[in-house]
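Each chain is listed here by its residues.
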Amino acid sequence: MNGTELAVLLIQKGCWAAVATLGFAVLFNVPKYALPYCALIGALGYALRTALMSGGMGMVSATLYAALLIGVLAGIAAERFAVSATLFSVGPAIPLVPGTYAYKAVMGVVMFANSPELEPGGEVLLAAFDNGLKATLTIVFLSLGIALPGLVWGTVRRAT
Amino acid sequence: MATPDLDKPAVVGHGPVVDSAHAAAAPLSRMVDLLVRAGSLLLQHGADAGRVEASLKRMERGLGIDRIDAVVMSKTILLTATRADAHHTRVARVPIVGVNLNILSEVEQLLGRFQQGQVTPAQLAPELERIAILPHHYSRGVIVAASGLACAAFCRLFGGDWAALAITGVAAAVAARVRIELNQREVNYFLVALLTALVASLLASGALWFSETSQSALTAAVLLLVPGVPLINAGVDILRGYISAGLARATTSLMVFLGIALGLGIVIRLRQVPL
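About the thresholds
Residues numbered from 1 in each chain as written. Chains lettered and ligands numbered in written order. Predicted model: local features only at pLDDT ≥ 70, side-chain atom pairs only at ≥ 80, totals over all residues. Buried ≥ 20, exposed ≤ 12 C-beta atoms within 10 Å, placed from the backbone. Helix = DSSP H or I, 4+ residues; strand = E, 2+ residues; numbered from the N terminus. Contact = placed C-beta atoms within 7 Å. Pairing = 2+ DSSP bridges. Axes fitted to C-alpha atoms, helices over the stretch in contact; angles between N-to-C directions. Parallel < 35°, antiparallel > 145°, perpendicular 65-115°, else oblique. Left-handed = near helix turned anticlockwise from the far one by under 90°. Nonpolar A, V, L, I, M, F, W, Y, C, P; charged D, E, K, R; others polar. pLDDT = per-residue confidence, 0-100.

Burial within helix H4 (residues 86–93) of chain A is extensive, with 8 of its 8 residues counted as buried. Those residues of H4(A) that sit buried are Thr86(A), Leu87(A), Phe88(A), Ser89(A), Val90(A), Gly91(A), Pro92(A) and Ala93(A). Looking at the buried positions of H4(A), the neighbouring elements they touch are helix H1 (3–27), helix H2 (35–54), helix H3 (59–81) and helix H6 (123–159) of chain A together with helix H4 (101–115) and helix H11 (228–239) of chain B.

With that settled, the discussion passes to the sheet that holds strand E1 (residues 67–72) of chain B. Residue and element names in this part refer to chain B. Ordered in space as E1-E2-E3, the 3 strands form an open sheet in which the pairing is antiparallel. Edge positions in the sheet fall to E1 and strand E3 (86–93), since each of these pairs with one other strand and no more. Adjacent strand axes in the sheet meet at a mean angle of 10°, parallel and antiparallel pairs treated alike. Where E1 meets strand E2 (residues 76–83), 6 bridges bridge the pair, whose relative direction is antiparallel. Opposite Val71, over in E2, you have Leu78 as the bridge partner.

This next bit is on the packing of helix H2 (residues 28–44) of chain B against helix H3 (residues 49–58) of chain B. Residue and element names in this part refer to chain B. Running from N to C, H2 and H3 cross one another at 155°; their axes reach a closest spacing of 9 Å. With respect to H3, the element H2 is oriented roughly antiparallel. Crossing hand, H2 versus H3: right-handed. For the pair H2 and H3, the contacting residues are Leu35, Ala38, Gly39, Leu42 and Leu43 in the first and Arg51, Val52, Ser55 and Leu56 in the second. In the contact of H2 with H3, the residues fall into 6 nonpolar, 2 polar and 1 charged.

For residues other than glycine, phi is negative in most cases, and the peptide bonds are mostly trans. In the Ramachandran plot, Ala82(A) falls in the positive-phi region, its phi being about 55° despite a non-glycine side chain. Inspection of the secondary structure puts Ala82(A) in the loop between H3 and H4. The backbone phi angle of Ala84(B) is positive, close to 50°, even though this residue is not glycine. With respect to the helices and strands, the residue Ala84(B) is situated in the loop between E2 and E3. Residue class for Ala84(B) comes out exposed when judged on the 8 C-beta atoms lying within 10 Å of it.

Attention shifts here to the confidence of the model for chain B. All names here are of chain B. Counting all residues, the mean pLDDT for chain B is 88, and 90% of those residues have values of 70 or more. Looking over chain B, one finds the lowest element-wise mean pLDDT in helix H1 (residues 20–25), namely 50, and the highest in helix H8 (residues 189–204), namely 95. Counting contacts from residues 1–23, a segment whose pLDDT is below 50, to residues more than four positions away or on other chains yields 40 contacts. Interface confidence for the predicted complex, expressed as ipTM, amounts to 0.89; the pTM equals 0.87.

Here it is in structure tokens:
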């Protein structure tokens, strides 16, 4: 994939991620003035993850970087409006939640447990395990990435 | 969670500077009610345990309390306030209402003003009640449409074509409406997940007739059910050391995923779709 193609892909993905972010921000009752910022932060976070993953990085670590970006940008927006950073971080984080991985993992486990005899290759179980691990670690890194900038900022402010 | 006597002024002192002598005159039980009210508002609208506890600590000095010990779990707050040698404890069950970031933000701003002395302890209770009944910024129709739009966007992100996108949007919007109805009837959370996933995937399986990428419609239509905020909060809780709250949220989320998987699984079995 050359540079232009990648840029087009990132813009497309970013725009759709912005739509998804907006949908969840409305569901979570984010005030109207914050919606454009949410959409922008959501688009940038998702685009960063897509870019890193197309560069060969795994979903787990790519999500950590994207979440850190969301956490930092949400912190800046929150300072500007003197409100809580969650207003700007929760909506953008939702498109990064590995929902499909999680329910595919559960589905695989149910299929495995429900099969009458032990499956010889073990592929169903392996796939479920893979999906489940990816989902779990992605969630952990997502929450870490979002919470970390706020925790660091709070500590720095207390220290000064 | 009704605390009817809270709207009466608890303290005589007014003005920007918090008068702890006056604050100390108010009964400790009323202070505890106030703390529990603030904590419950945060917890039931999607705050993590650490934020709830930190917010309670912020009220300590302004209320003239020496020490607050709080245990915040996923649906319960246990709180003891100590002043001189008197103490008062309350255990509050907190019904989880759903994520409402506006209320979280308003409560935190109020506590910030309280810490700076711009709000007196007497004003705190009526202010909290005002925040509790703030109307939702968006009407139910807008929320349903937004859910549909969000899932349609996910469908596109998973590589679905325009037909799949349209069907996902409709399926997710109908499912969002069904979920509101079920939650209003206080149906068990696992059944809500199962039934909503069933409706969403049954409608989304219509994409089998119209779209080349019907799988993306089926995968995306149930995503409105993914417990995003509880999952992120579970991670944050565990990271910050609130293990019991975090594990409770994680387990609840796991059961929701089981509900989604079963609902979707029924449709997949019924329609013979490979996923």
